[in-house]
Amino acid sequence: MFPHHREREQPIFSARAHVFQIDPATKRNWIPASKHAVTVSFFYDANRNVYRIISAIINCTVTPSMTFTKTSQKFGQWADSRANTVYGLGFATEQQLHQFSDKFKEVKDAARLAREKSQDKELANTALSIAAPQYSQDLSDELQSPPVMCVNGPEDKLFRSQSADITLSAEKERIKKMLSEGSICEMNLDAELFTLQDSNTKLVAALHEANANVEQWKKQLTAYQGETDRLREQVSELEAHGGHGPSDLLKDELTQSLEELEALLKAKDEEIHILQSKKVEYHEMEHDRDEAIHRLRETEMRNAELERRIQNSEQNLNNSLEDRDRMDSEIQRGIEILDIKIFDLNDLRQSLVKLIDK
């Protein structure tokens, strides 16, 4: 019933970088996890004696087996076996990459030392438990026999403490629900935005290819038109000469070639119309992408509001915990005072009994 003060996680290093995750399907391509640079921080949890890397996307516990690899002048990566993924960070400068890499190595060594100390402590506790089982049993027997309380004041404080525990548990569950709803909404919008960006990339590539084909077809069309004009001039010359026999056969061949060229020109015109319609679809996809980005920004604003409310709730929880700790201290002091009073009353009773007997 003594107060216990919880130590919060403390940031030890922060940097801004673009976050990427490996594609789980191919295990080769990188998927951008953020559309802009975010803050990536190293945190130390003194209560659990662990180090973590935390950002808006990453929540990774650093282990001694992890390795941060520099793959380029401004990009590095590491694997998280617990999350079954690989994270990548793109920095603005090479110096920021070196700073993050050095801090990663330092934190990894600190995590290794923390694990070794924890293992040594467990071995020491095991040895103590084997060497002194009777002392542990006596101590547990003493702890399991608290004094009986029959005074209304402390009982009322105990009831209030239990009510405060129930209220705090309900508040924690509500905060977890709010945070999970905001995270799920943001993940869905991120997935939708990534799908739109992928479709946009494919449409842009198709549009560039179509534009290149259109330019090539225009050149071919100009060449065909020149060939058609030349053939028409030849036909006109033949008709002007008024020849017969072999010239009639040549005229038929030229007419057939002219018809084939006109059919080819018509087919190319149809293909150009199809490409123009695809260009309209591309603009529609751009409009959908802009709407998705707008919804994502709104979701980020809602998440910021949720984070603010969560911080307020955590502050209220901390205040409630402090109040409960103070209440526990008062109850403990009340118990000690009652023990003293009961002891004094017992001595007084024995004195009265002796006096009556005399």
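Predicted, not measured: the structure shown is a model, and the values here were computed from it.

> What should I look at first to understand the overall build of the protein in this one?
The helix and strand tally for the protein stands at four helices and eight strands. Its helices and strands taken in sequence order, the protein reads β-β-β-β-β-β-β-β-α-α-α-α from the N to the C terminus. Taken across its 358 residues, the protein has 24% of its residues classed as buried. In the protein, 62% of the contacts between residues at least 6 apart in sequence involve partners at least 24 apart. Total accessible area on the protein is roughly 25200 Å²; 54% of this is exposed by carbon and sulfur atoms.

> Even after reading the chapter, I still don't get the environment of Ala 33, so can you show me in this structure?
With respect to the helices and strands, Ala 33 occurs in the loop between β2 (30–32) and β3 (38–45). For the pair Ala 33 and His 18, spaced 15 residues apart in sequence, the C-alpha separation works out to 7.9 Å.

> What's the story with the pairing of strand β4 (residues 50–54) in this structure? I'm lost.
Moving residue by residue along a regular strand, the side chains alternate between the two faces of the sheet. Of all five residues in β4, four are buried, a share of seventy percent or more. For β3 and β4, the ladder comprises five bridges, and the chain directions are antiparallel. Within the sheet, the bridge partner assigned to Asp 45 lies in β4 and is Val 50. Following β3, the chain reverses through four residues before pairing antiparallel with β4; Asn 49 in that reversal takes a positive phi of roughly 60 degrees. As judged from the three bridges shared by β4 and strand β5 (residues 59–61), these two strands associate in the antiparallel manner.

> Can you help me understand unusual backbone geometry in this one?
Peptide bonds are mostly trans, and most non-glycine residues show a negative phi. Notably, Asn 49 is not glycine yet its phi reads approximately 60 degrees, a positive angle. With respect to the secondary-structure elements, Asn 49 resides in the loop between β3 and β4. Here Asn 49 falls in the partly exposed class, since its relative accessible area comes to 32%. We note that Asn 84 has phi near 55 degrees; this positive angle belongs to a residue other than glycine. For Asn 84, the location among the structural elements is in the loop between β7 (75–80) and β8 (85–90). Assessed through its relative accessible area of 61%, Asn 84 is described here as exposed.

> Even after reading the chapter, I still don't get the nonpolar core, so can you show me in this structure?
One recurring pattern in soluble globular proteins: nonpolar side chains tend to sit buried together. Grouped together as the largest cluster of nonpolar side chains are 23 residues, with contacts concentrated most on Ile 53, Ile 58, Trp 78, Leu 89, Phe 100 and Phe 104. Within the residue set of this core, elements represented by two or more residues are β1 (10–22), β3, β4, β8 and α1 (94–131). Broken down by element, this core gets its largest block of residues, five residues, from α1. Look past the residues within four positions of Trp 78 in its chain and what remains in contact with it is Ile 53, Ile 58, Cys 60, Met 66, Thr 67, Phe 68, Val 86, Tyr 87, Leu 89, Phe 100 and Phe 104.

> What is the right way to read a negative patch on the surface from this model?
Taken together, the side chains of Glu 281, Glu 284, Asp 288, Asp 290 and Glu 291 make up a negatively charged region of the molecular surface. By the element assignment, Asp 288 lies in helix α4 (residues 246–357). Given a relative accessible area of 33%, Asp 288 falls into the partly exposed group.

> What exactly am I supposed to notice about the packing of aromatic side chains here?
To describe a pair of aromatic rings, you give the distance between the ring centres and the angle between the ring planes. Across all of its chains, the model carries 13 aromatic pairs by this definition. Each ring, one from Trp 30 and one from Phe 75, has its centre 5.4 Å from the other, and the planes form 65 degrees; the classification is edge-to-face. Of this pair, Trp 30 sits in strand β2 while Phe 75 sits in strand β7, and the two are 45 residues apart along the sequence. We classify Trp 30 as partly exposed; its relative accessible area is 28%. For the pair Phe 68 and Phe 104, a centre-to-centre distance of 5.5 Å together with 35 degrees between the ring planes defines the contact as tilted. Placement of Phe 68 in the loop between β5 and β6 (69–70) and of Phe 104 in helix α1 is noted, with a sequence separation of 36 residues between them. Ring pairs connect the aromatic residues Phe 13, Phe 42, Phe 68, Trp 78, Tyr 87, Phe 91, Phe 100 and Phe 104, which therefore count as one cluster.

> Mind showing me how you'd approach the pattern of salt bridges here?
Between side chains of opposite charge, a pair can form as their charged atoms come close. Applying the stated criterion across every chain yields a total of six salt bridges. For the salt bridge of Lys 103 with Glu 106, the shortest nitrogen-to-oxygen distance reads 3.3 Å. In this pair, Lys 103 and Glu 106 are both assigned in helix α1, three residues apart and thus about one turn of the helix distant. Measuring nitrogen to oxygen at the nearest pair gives 3.4 Å for the salt bridge that ties Glu 116 to Arg 112. Residue Glu 116 and its partner Arg 112 are both found in helix α1; the two are separated by four residues, about one turn of the helix. A relative accessible area of 36% means that Glu 116 is categorised as partly exposed.

> Please explain the confidence of the model for the protein as it appears in this structure.
The predicted coordinates of low-pLDDT regions are not to be read in fine detail. In the predicted model, the protein carries a mean pLDDT of 78, and 74% of its residues have values of at least 70. Below a pLDDT of 50 lies the segment residues 1–7, which in the model reaches 14 contacts outside its immediate sequence neighbourhood of four places, other chains included. Throughout residues 142–160 the model reports pLDDT below 50, and contacts reaching past four residues in sequence, or to other chains, amount to 15 contacts.

What counts, and where the lines are drawn
Residues numbered from 1 in each chain as written. Predicted model: local features only at pLDDT ≥ 70, side-chain atom pairs only at ≥ 80, totals over all residues. Heavy atoms only, no water. Helix = DSSP H or I, 4+ residues; strand = E, 2+ residues; numbered from the N terminus. Buried < 20%, exposed > 50% of the residue type's maximum accessible area, 1.4 Å probe, protein only. Contact = heavy atoms within 4.5 Å. Areas by Shrake-Rupley, 256 points an atom, 1.4 Å probe, with all protein chains shown as cover. Pairing = 2+ DSSP bridges. Core = buried A, V, L, I, M, F, W, Y, C linked by side-chain atoms within 4.5 Å. Patch = residues over 30% accessible without salt bridge, like charges linked within 9 Å, V, L, I, M, F, W, Y side chains within 5 Å. Salt bridge = Lys/Arg side-chain N within 4 Å of Asp/Glu carboxyl O. Lys, Arg positive; Asp, Glu negative; His and termini not counted. Charge placed at Lys NZ, Arg CZ, Asp CG, Glu CD. Phe/Tyr/Trp six-rings, centres within 6.5 Å; stacked < 30°, edge-to-face > 60°. pLDDT = per-residue confidence, 0-100.

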